[in-house]
Amino acid sequence: MLKQFSEELSSLVAAAAPKLVHIGGEGVSGRTGLIWADGLVVTLAREAQDGETVPVLLAGSPTAATVQAFDARTGLTLLAVPIAKASPWSPAQAPKVGSLAVTVAYASPGGVEARLDVVRFVGGASEWEKGVALEGHFQTDGASYPGFSGAAVVDTEGHLLGMVAENRPGNSGWLVPVADLAKLVATLQSKGTRLRAYLGVNSRPSGTDQGLAITEVEAGSPAETAGLKAGDLLVSLAGHTVTHPMELASVLSKLEAGVGVEAKVLRSGAVHTLTVVPGGR
(Lines give C-alpha, C1' and ligand atoms only; values in the text may rest on other atoms or scores of the structure.)
Protein backbone atom coordinates (compact mmCIF):
# COMPACT_ATOMS: atom_id res chain seq x y z
CA MET A 1 0.00 0.00 0.00
CA LEU A 2 2.82 2.42 0.86
CA LYS A 3 4.58 1.57 -2.38
CA GLN A 4 1.42 2.34 -4.37
CA PHE A 5 0.94 5.59 -2.45
CA SER A 6 4.54 6.58 -3.17
CA GLU A 7 4.17 5.79 -6.86
CA GLU A 8 0.95 7.82 -7.08
CA LEU A 9 2.64 10.83 -5.48
CA SER A 10 5.52 10.51 -7.94
CA SER A 11 2.99 10.46 -10.78
CA LEU A 12 1.39 13.68 -9.48
CA VAL A 13 4.77 15.40 -9.46
CA ALA A 14 5.60 14.11 -12.94
CA ALA A 15 2.27 15.43 -14.27
CA ALA A 16 2.77 18.88 -12.73
CA ALA A 17 6.41 19.29 -13.74
CA PRO A 18 5.83 20.25 -17.41
CA LYS A 19 3.49 23.02 -16.27
CA LEU A 20 6.25 24.80 -14.34
CA VAL A 21 9.19 27.02 -15.20
CA HIS A 22 12.21 28.09 -13.21
CA ILE A 23 12.78 31.83 -13.03
CA GLY A 24 16.18 33.12 -12.00
CA GLY A 25 19.57 34.31 -13.06
CA GLU A 26 21.79 37.33 -12.69
CA GLY A 27 19.96 39.89 -10.58
CA VAL A 28 16.85 37.70 -10.31
CA SER A 29 16.36 35.44 -7.28
CA GLY A 30 15.21 31.90 -8.03
CA ARG A 31 11.51 31.09 -7.93
CA THR A 32 8.86 29.00 -9.63
CA GLY A 33 6.34 30.04 -12.27
CA LEU A 34 3.11 28.36 -13.36
CA ILE A 35 2.36 28.06 -17.07
CA TRP A 36 -1.15 29.51 -16.97
CA ALA A 37 -1.96 29.68 -20.67
CA ASP A 38 -0.09 29.45 -23.95
CA GLY A 39 2.70 32.01 -23.74
CA LEU A 40 1.72 33.13 -20.22
CA VAL A 41 3.49 32.35 -16.92
CA VAL A 42 2.28 33.46 -13.48
CA THR A 43 4.75 34.00 -10.65
CA LEU A 44 5.59 36.27 -7.72
CA ALA A 45 8.17 39.03 -7.45
CA ARG A 46 8.98 41.77 -4.98
CA GLU A 47 9.61 44.20 -7.83
CA ALA A 48 9.06 44.17 -11.57
CA GLN A 49 8.77 46.62 -14.44
CA ASP A 50 6.67 46.33 -17.56
CA GLY A 51 8.79 45.12 -20.46
CA GLU A 52 11.60 43.89 -18.21
CA THR A 53 13.40 40.78 -19.51
CA VAL A 54 13.70 37.85 -17.11
CA PRO A 55 15.72 34.62 -17.57
CA VAL A 56 13.59 31.47 -17.53
CA LEU A 57 14.21 27.74 -17.75
CA LEU A 58 11.51 25.75 -19.50
CA ALA A 59 11.99 21.97 -19.34
CA GLY A 60 15.68 22.60 -18.77
CA SER A 61 16.08 24.91 -21.77
CA PRO A 62 16.92 28.57 -21.22
CA THR A 63 14.68 31.21 -22.74
CA ALA A 64 13.66 34.79 -22.02
CA ALA A 65 10.44 36.08 -20.50
CA THR A 66 9.05 39.61 -20.62
CA VAL A 67 7.10 41.19 -17.76
CA GLN A 68 3.59 41.74 -19.04
CA ALA A 69 2.01 43.12 -15.86
CA PHE A 70 2.86 43.43 -12.17
CA ASP A 71 0.73 43.99 -9.07
CA ALA A 72 2.79 45.88 -6.48
CA ARG A 73 0.25 45.02 -3.76
CA THR A 74 0.75 41.27 -3.96
CA GLY A 75 3.81 40.72 -6.12
CA LEU A 76 1.76 38.73 -8.63
CA THR A 77 3.53 38.96 -11.97
CA LEU A 78 2.52 37.94 -15.48
CA LEU A 79 5.34 36.91 -17.79
CA ALA A 80 5.12 36.53 -21.54
CA VAL A 81 6.99 33.38 -22.55
CA PRO A 82 6.19 32.78 -26.23
CA ILE A 83 7.40 29.18 -26.36
CA ALA A 84 5.42 28.08 -23.27
CA LYS A 85 2.57 25.74 -24.14
CA ALA A 86 -0.11 25.16 -21.54
CA SER A 87 -1.58 21.91 -20.37
CA PRO A 88 -4.49 23.43 -18.44
CA TRP A 89 -4.54 23.18 -14.67
CA SER A 90 -7.69 21.55 -13.36
CA PRO A 91 -8.97 23.51 -10.32
CA ALA A 92 -9.46 21.54 -7.11
CA GLN A 93 -12.35 21.60 -4.69
CA ALA A 94 -11.86 23.58 -1.47
CA PRO A 95 -9.39 21.77 0.81
CA LYS A 96 -10.21 20.36 4.22
CA VAL A 97 -8.08 20.57 7.35
CA GLY A 98 -5.93 17.47 7.59
CA SER A 99 -6.08 16.66 3.88
CA LEU A 100 -2.87 15.96 2.01
CA ALA A 101 -1.40 18.27 -0.60
CA VAL A 102 1.70 18.08 -2.77
CA THR A 103 3.74 21.21 -3.48
CA VAL A 104 5.72 21.07 -6.70
CA ALA A 105 8.39 23.66 -7.47
CA TYR A 106 10.94 24.26 -10.21
CA ALA A 107 13.07 25.79 -7.50
CA SER A 108 16.49 25.69 -9.09
CA PRO A 109 18.14 24.97 -12.44
CA GLY A 110 18.74 21.47 -11.11
CA GLY A 111 15.13 20.47 -11.71
CA VAL A 112 11.76 19.99 -10.10
CA GLU A 113 11.40 19.55 -6.34
CA ALA A 114 8.40 18.34 -4.34
CA ARG A 115 7.09 18.50 -0.79
CA LEU A 116 4.31 16.51 0.86
CA ASP A 117 2.14 18.77 3.01
CA VAL A 118 -0.88 18.65 5.28
CA VAL A 119 -3.50 21.38 5.11
CA ARG A 120 -3.35 22.75 8.63
CA PHE A 121 -5.83 25.62 8.39
CA VAL A 122 -8.75 26.63 6.22
CA GLY A 123 -10.30 30.04 6.75
CA GLY A 124 -12.97 32.28 5.35
CA ALA A 125 -12.50 35.70 3.80
CA SER A 126 -9.15 37.23 4.70
CA GLU A 127 -6.40 39.42 3.31
CA TRP A 128 -3.30 38.20 1.53
CA GLU A 129 -0.91 41.11 1.00
CA LYS A 130 -1.55 44.83 1.25
CA GLY A 131 -5.31 44.74 1.41
CA VAL A 132 -6.02 42.11 -1.25
CA ALA A 133 -9.10 40.14 -0.21
CA LEU A 134 -9.12 36.36 -0.40
CA GLU A 135 -12.48 34.62 -0.51
CA GLY A 136 -11.18 31.54 1.28
CA HIS A 137 -7.54 31.24 2.25
CA PHE A 138 -5.72 28.18 3.55
CA GLN A 139 -2.32 27.20 4.85
CA THR A 140 -0.16 24.09 4.95
CA ASP A 141 2.51 22.84 7.31
CA GLY A 142 5.17 22.98 4.59
CA ALA A 143 8.59 24.38 5.38
CA SER A 144 9.97 27.30 3.40
CA TYR A 145 12.58 26.30 0.84
CA PRO A 146 14.46 28.56 -1.59
CA GLY A 147 12.72 28.81 -4.93
CA PHE A 148 9.32 27.61 -3.71
CA SER A 149 7.73 31.05 -4.09
CA GLY A 150 5.19 30.65 -6.88
CA ALA A 151 5.10 26.84 -6.62
CA ALA A 152 2.00 24.83 -7.47
CA VAL A 153 0.05 23.10 -4.70
CA VAL A 154 -2.08 20.19 -5.90
CA ASP A 155 -4.44 17.78 -4.18
CA THR A 156 -4.05 14.01 -4.23
CA GLU A 157 -5.76 13.85 -7.63
CA GLY A 158 -3.43 16.40 -9.18
CA HIS A 159 -5.95 19.26 -9.24
CA LEU A 160 -4.56 22.73 -8.53
CA LEU A 161 -5.35 24.01 -5.03
CA GLY A 162 -3.35 27.21 -5.29
CA MET A 163 0.06 28.84 -5.46
CA VAL A 164 2.64 29.28 -2.72
CA ALA A 165 2.82 32.92 -1.71
CA GLU A 166 6.21 32.95 0.00
CA ASN A 167 6.77 36.54 -0.99
CA ARG A 168 8.11 37.82 2.31
CA PRO A 169 9.82 36.39 5.42
CA GLY A 170 7.54 34.24 7.57
CA ASN A 171 4.97 33.86 4.80
CA SER A 172 5.89 30.31 3.78
CA GLY A 173 2.57 28.63 4.64
CA TRP A 174 0.31 31.05 2.79
CA LEU A 175 -1.34 29.84 -0.38
CA VAL A 176 -3.28 31.84 -2.94
CA PRO A 177 -6.38 29.70 -3.64
CA VAL A 178 -6.86 28.84 -7.30
CA ALA A 179 -10.13 30.81 -7.57
CA ASP A 180 -8.52 33.97 -6.19
CA LEU A 181 -5.45 33.42 -8.35
CA ALA A 182 -7.63 33.24 -11.46
CA LYS A 183 -9.38 36.49 -10.54
CA LEU A 184 -6.09 38.30 -9.88
CA VAL A 185 -4.65 37.10 -13.19
CA ALA A 186 -7.76 38.22 -15.07
CA THR A 187 -7.62 41.64 -13.40
CA LEU A 188 -3.98 42.13 -14.34
CA GLN A 189 -4.70 41.04 -17.90
CA SER A 190 -7.54 43.53 -18.27
CA LYS A 191 -6.18 46.48 -16.29
CA GLY A 192 -2.43 46.06 -16.53
CA THR A 193 0.21 46.83 -13.92
CA ARG A 194 -1.01 48.13 -10.58
CA LEU A 195 1.40 50.34 -8.65
CA ARG A 196 1.31 51.14 -4.96
CA ALA A 197 -0.68 54.26 -4.21
CA TYR A 198 1.20 56.91 -2.24
CA LEU A 199 0.66 60.48 -0.98
CA GLY A 200 4.19 61.65 -0.22
CA VAL A 201 3.87 62.56 3.45
CA ASN A 202 5.60 61.77 6.70
CA SER A 203 3.29 61.40 9.66
CA ARG A 204 3.01 60.45 13.31
CA PRO A 205 0.19 59.84 15.78
CA SER A 206 -1.18 63.12 17.05
CA GLY A 207 -1.83 61.82 20.55
CA THR A 208 -5.56 62.46 20.10
CA ASP A 209 -8.37 60.73 18.26
CA GLN A 210 -8.81 63.74 15.96
CA GLY A 211 -6.50 62.54 13.21
CA LEU A 212 -2.98 61.77 12.01
CA ALA A 213 -0.36 64.50 12.34
CA ILE A 214 1.33 65.37 9.02
CA THR A 215 4.93 66.28 9.82
CA GLU A 216 6.31 66.70 6.29
CA VAL A 217 4.97 66.95 2.75
CA GLU A 218 7.30 65.97 -0.10
CA ALA A 219 7.86 68.61 -2.75
CA GLY A 220 5.98 67.78 -5.94
CA SER A 221 4.10 64.93 -4.30
CA PRO A 222 0.38 64.15 -4.71
CA ALA A 223 -0.13 65.47 -1.18
CA GLU A 224 1.44 68.84 -2.02
CA THR A 225 -0.57 69.06 -5.24
CA ALA A 226 -3.75 68.45 -3.25
CA GLY A 227 -2.89 71.17 -0.75
CA LEU A 228 -1.87 69.18 2.32
CA LYS A 229 0.57 70.96 4.59
CA ALA A 230 2.89 70.08 7.45
CA GLY A 231 0.98 70.65 10.66
CA ASP A 232 -2.34 69.41 9.26
CA LEU A 233 -4.22 66.64 11.01
CA LEU A 234 -5.41 64.12 8.45
CA VAL A 235 -8.82 63.13 9.76
CA SER A 236 -9.85 60.71 7.02
CA LEU A 237 -8.88 59.47 3.57
CA ALA A 238 -11.37 57.96 1.12
CA GLY A 239 -13.90 57.81 3.95
CA HIS A 240 -11.60 55.92 6.33
CA THR A 241 -10.60 57.48 9.65
CA VAL A 242 -6.82 57.54 10.19
CA THR A 243 -5.04 58.14 13.49
CA HIS A 244 -1.84 56.12 12.95
CA PRO A 245 0.67 55.77 10.08
CA MET A 246 -0.19 52.07 9.82
CA GLU A 247 -3.86 52.94 9.29
CA LEU A 248 -2.86 55.35 6.52
CA ALA A 249 -0.74 52.62 4.89
CA SER A 250 -3.68 50.21 5.08
CA VAL A 251 -6.02 52.69 3.39
CA LEU A 252 -3.49 53.48 0.67
CA SER A 253 -3.07 49.76 -0.05
CA LYS A 254 -6.71 49.64 -1.13
CA LEU A 255 -6.60 52.72 -3.37
CA GLU A 256 -5.92 52.94 -7.10
CA ALA A 257 -3.06 55.17 -8.18
CA GLY A 258 -4.38 58.01 -10.33
CA VAL A 259 -7.94 57.86 -8.95
CA GLY A 260 -8.95 60.87 -6.86
CA VAL A 261 -10.33 60.41 -3.35
CA GLU A 262 -11.57 62.75 -0.64
CA ALA A 263 -9.29 63.75 2.23
CA LYS A 264 -10.48 65.64 5.30
CA VAL A 265 -7.89 67.64 7.22
CA LEU A 266 -8.12 69.65 10.41
CA ARG A 267 -6.28 72.95 10.04
CA SER A 268 -6.46 75.95 12.37
CA GLY A 269 -9.50 74.50 14.09
CA ALA A 270 -11.50 73.98 10.89
CA VAL A 271 -12.07 70.85 8.81
CA HIS A 272 -11.18 71.21 5.11
CA THR A 273 -12.12 68.75 2.39
CA LEU A 274 -9.50 68.18 -0.31
CA THR A 275 -9.33 65.97 -3.38
CA VAL A 276 -6.18 63.86 -3.43
CA VAL A 277 -5.03 61.86 -6.45
CA PRO A 278 -2.59 59.23 -5.12
CA GLY A 279 0.51 58.66 -7.20
CA GLY A 280 1.85 55.25 -8.14
CA ARG A 281 5.26 53.67 -7.52
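Note: the structure precedes this text.
All chains use their own residue numbering, which begins from 1 and follows the written sequence. Given that this is a predicted model, residues contribute local features only at a pLDDT of at least 70 and side-chain atom pairs are listed and counted only at 80 or more, while totals for whole chains, interfaces and linings are drawn from all residues. With hydrogens and water set aside, each side-chain value is computed from the structure's full complement of heavy atoms.

### Looking at the environment of Ala-165
Part 1: Segments assigned H or I by DSSP are reported as helices when at least four residues long, segments assigned E as strands when at least two residues long, and all are numbered from the N terminus. Summarising the element assignment, Ala-165 is placed in the loop between β13 (160–164) and β14 (174–177).
Part 2: Considering only alpha carbons, one finds Ala-165 and Gly-150, 15 residues apart in sequence, at a separation of 6.1 Å.

### A closer look at the pairing of β13
Part 1: Exposure classes here rest on a 1.4 Å probe applied to the protein chains alone. A residue is buried below 20% of its type maximum, exposed above 50%, and partly exposed in between. Burial of β13 is extensive: five of the five residues sit out of reach of the surface.
Part 2: Pairing between strands requires that DSSP locate at least two bridges from one strand to the other. In this sheet, β13 lies alongside strand β12 (residues 152–154) in antiparallel orientation, the contact comprising three bridges. Each bridged residue has a counterpart across the sheet, and for Val-153 the counterpart in β13 is Gly-162.

### What to know about the side chain of Asp-155
Part 1: Its location among the elements puts Asp-155 in the loop between β12 and β13.
Part 2: For this analysis, a polar contact is any N or O atom pair within 3.5 Å, provided that within protein one partner can donate a hydrogen and the other can accept it, and provided that sequence-adjacent residues contribute only side-chain to side-chain pairs. Reaching out from Asp-155, the side chain makes a polar contact with the backbone nitrogen of Glu-157 at a distance of 2.9 Å.
Part 3: Once you skip the residues sitting within four places of it in the chain, Asp-155 turns out to touch Leu-12, Ala-92, Leu-100 and Leu-161. We call two residues in contact when some of their heavy atoms are within 4.5 Å.

### Considerations on the sheet that holds β13
Strands pair in a sheet through their backbones, by hydrogen bonds, and they do so in one of two ways: parallel or antiparallel.
Part 1: Reading around the circumference, β7-β8-β11-β14-β13-β12 is the order of the six strands in this closed barrel, with antiparallel pairing throughout. Taking each pair of neighbouring strands and ignoring which way they run, the sheet shows an average axis angle of 40°.
Part 2: Only the stretch in contact is used when fitting a helix axis, every axis being a line fitted to C-alpha atoms; angles between N-to-C directions are given from 0 to 180 degrees. The strands touched by helix α1 (residues 2–16) are β7 (100–108) and β8 (111–122); relative to β7, the strand with the most contacts, the crossing angle is about 45°.
Part 3: Seen against the sheet, helix α2 (residues 178–191) touches β13 and β14 and runs at an angle of roughly 65° to β14.

### A short note on unusual backbone geometry
Part 1: With a phi angle near 55°, Ala-59 is a residue other than glycine that sits in the positive phi range.
Part 2: Its location among the elements puts Ala-59 in the loop between β4 (53–58) and β5 (61–70).
Part 3: The phi angle at Ser-268 is positive, at roughly 55°, despite the residue not being glycine.
Part 4: Considering the arrangement of structural elements, one finds Ser-268 in the loop between β20 (261–267) and β21 (270–276).
Part 5: Residue classification places Ser-268 among the exposed residues on the basis of a relative accessible area of 81%.

### Structural notes on the nonpolar core
Part 1: In this description, a nonpolar core means a group of buried Ala, Val, Leu, Ile, Met, Phe, Trp, Tyr and Cys residues linked to one another through side-chain atoms lying within 4.5 Å. Judged by nonpolar contacts, the single largest core of 31 residues is most densely connected at Leu-76, Trp-89 and Leu-181.
Part 2: No other element matches the five residues that α2 contributes to this core.
Part 3: Not counting the four nearest positions on each side in its chain, Leu-181 is found in contact with Leu-34, Trp-36, Val-42, Leu-76, Met-163 and Val-176.

### Quick word on the pattern of salt bridges
Part 1: We define a salt bridge as a contact between a side-chain nitrogen of Lys or Arg and a carboxyl oxygen of Asp or Glu at a distance within 4 Å. What the rule picks out here adds up to three salt bridges.
Part 2: Glu-262 serves as the salt-bridge partner of Lys-264, at 3.6 Å between the closest nitrogen and oxygen.
Part 3: The class of Glu-262 is partly exposed, set by a relative accessible area of 42%.

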